[in-house]
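Examining the three-dimensional arrangement
Take a look at the letters that make up each chain.
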Amino acid sequence: MKKYEFILKNGRVIDPLNEIDAAMDIAVAGGKIEKVDKDINPADAEKVYDMTGLIVTPGLVDAHVHCYYTTNMPQAWCGDYSLQPDYFNFPAGVTTMVDVGSSGSFNFDHFRATVIERAKTRIFALLNIADYGMSSLYVEQFPKKNDFDSFIHCAEKNSDIIKGIKIAHYWGPNWDDLDYAKRCQKVINKPIMVDFGVFKKERPYDELVMERLDKGDISTHCFRSSVPVLDENGKVYDYLYRARERGIYFDIGHGCASFMMRNGVPAMRQGFLPDSISTDLHALSVNGTAIDMANLLSKMLACCDMPLIELFRRATVNPAKMLNLGNIGNLSVGTEADIAVWNMRTGQFGYQDMSGGKIVGDRKLECEMTFRAGEIVWDLNARAGVPFEELPALYGFDPEAEDYVIPTR
């Protein structure tokens, strides 16, 4: 018996947590990473995958998705707007995702039983302060009427999965939603992610990030059209830098209506990079301009020519740290072997924002393989396959299950 199940050999390994960006090999056994080194002996593995010319990273962590698809509710993010997780994330190199507020305390148990515990994808969640989550925009408008005791009980009972609090889509001219979330936070001591909803003059965005949020809280949709990002001279407002110094995190949360290039491109080129790059994928964005994490990372390269290690940092270790997800989003020895393999295509590639703004880039990331706990869950170009001519004559036939009848006429 050989030491390793497989080795990924000769790839460019980018592991932001460990500050690695170099030609390295990775050996995997028992679903975990056993060794990362310059030259691992291929004779020690059952199988060797040649990664020459490819990029090898931790499996991505998408910190903003909606995947509570099992309620059969029409036109609801806790329903038909959510996506079945394993079908759209593995082709984009995602092995971990965070559902942000699709469910509330009244339906989280159903979400956990019907989606989270049945998926191969590792799924965490933020619990919506609305009792029924995102079953409609209406239910998110009455924060003070929610069942506080139910929220606390649910969050504490499911603390292995629930990593924070979500408020979203509020259109009231006050801070009732955030005040209620802060009341919850005092008990469970986990971060709040704020989708600011409909912007109102009574609750300005700068007050949110400079006074209302606390260290570790998250503002998602940070380059949305209504976020004041640039002053009259096109410079990033200083309050954003000062909010970051206070410990506020900024998440892209692209979605179908929450990323505007007129905000994002100048801000990123001036050095105001998001802390996390996330898709906000759902039925309205997956076939729109967000598409998936691979497309979004490629779009970010077109918007801002950041080093690849910084790009992947914002889709691996940063969201894992931001939401206290544990030892994931890295390639350290002993961690589960969640790995993504990338081909960097070159050419001319167009990307859009939510209002038709376009940018053209010369690079596009394409996911070649995805491993979840050492299992191949995506293999775009059949790198794990064997030329069929080299296999036994009747490969794939099981004589114990069926008969192979030779024609007699």
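Scroll up to find the structure.
Remember, it's a predicted structure, so these values are computed and weren't measured experimentally.

What follows concerns the packing of aromatic side chains. Under the criterion given, the structure shown has 21 aromatic pairs. With 6.3 Å between their ring centres and 90 degrees between their planes, Phe-148 and Tyr-180 make a pair best called edge-to-face. Linking Phe-148 in helix H3 (residues 148-157) with Tyr-180 in helix H4 (residues 176-188), this pair joins segments that are 32 residues apart in sequence. Under the relative-accessibility criterion, Tyr-180 is labelled buried at 6%. Ring plane angle 75 degrees and centroid distance 6.5 Å describe the contact between Phe-223 and Phe-272, whose orientation is recorded as edge-to-face.

Here the focus is the pattern of salt bridges. Under the counting rule described, the total for this entry stands at 26 salt bridges. With a shortest N-O distance of 2.8 Å, Lys-9 and Asp-39 are connected by a salt bridge. With Lys-9 in strand E1 (residues 4-15) and Asp-39 in the loop between strand E3 (32-37) and strand E4 (45-50), this residue pair connects regions lying 30 residues apart in the sequence. A salt bridge links Arg-314 to Glu-310; its shortest N-O distance comes to 3.0 Å. Each of the salt bridges in this network shares a partner with another, and the network as a whole consists of Glu-19, Glu-310, Arg-313 and Arg-314.

Secondary-structure assignment places Asp-217 in the loop between helix H5 (205-212) and strand E11 (218-219). Of the residues examined, Asp-217 reaches a relative accessible area of 0% and is grouped as buried. Engagement of the side chain of Asp-217 in a polar contact is seen with the side chain of Lys-182, the distance being 2.5 Å. A polar contact is formed between the side chain of Asp-217 and the backbone nitrogen of Asp-214, at a distance of 2.9 Å. Once you skip the residues sitting within four places of it in the chain, Asp-217 turns out to touch Lys-182, Gln-185, Pro-191, Ile-192, Gly-247, Ile-248 and Tyr-249.

Conventions adopted
Residues numbered from 1 in each chain as written. Predicted model: local features only at pLDDT ≥ 70, side-chain atom pairs only at ≥ 80, totals over all residues. Heavy atoms only, no water. Phe/Tyr/Trp six-rings, centres within 6.5 Å; stacked < 30°, edge-to-face > 60°. Helix = DSSP H or I, 4+ residues; strand = E, 2+ residues; numbered from the N terminus. Buried < 20%, exposed > 50% of the residue type's maximum accessible area, 1.4 Å probe, protein only. Salt bridge = Lys/Arg side-chain N within 4 Å of Asp/Glu carboxyl O. Polar contact = N/O pair within 3.5 Å; in protein donor to acceptor, adjacent residues only side chain to side chain. Contact = heavy atoms within 4.5 Å.

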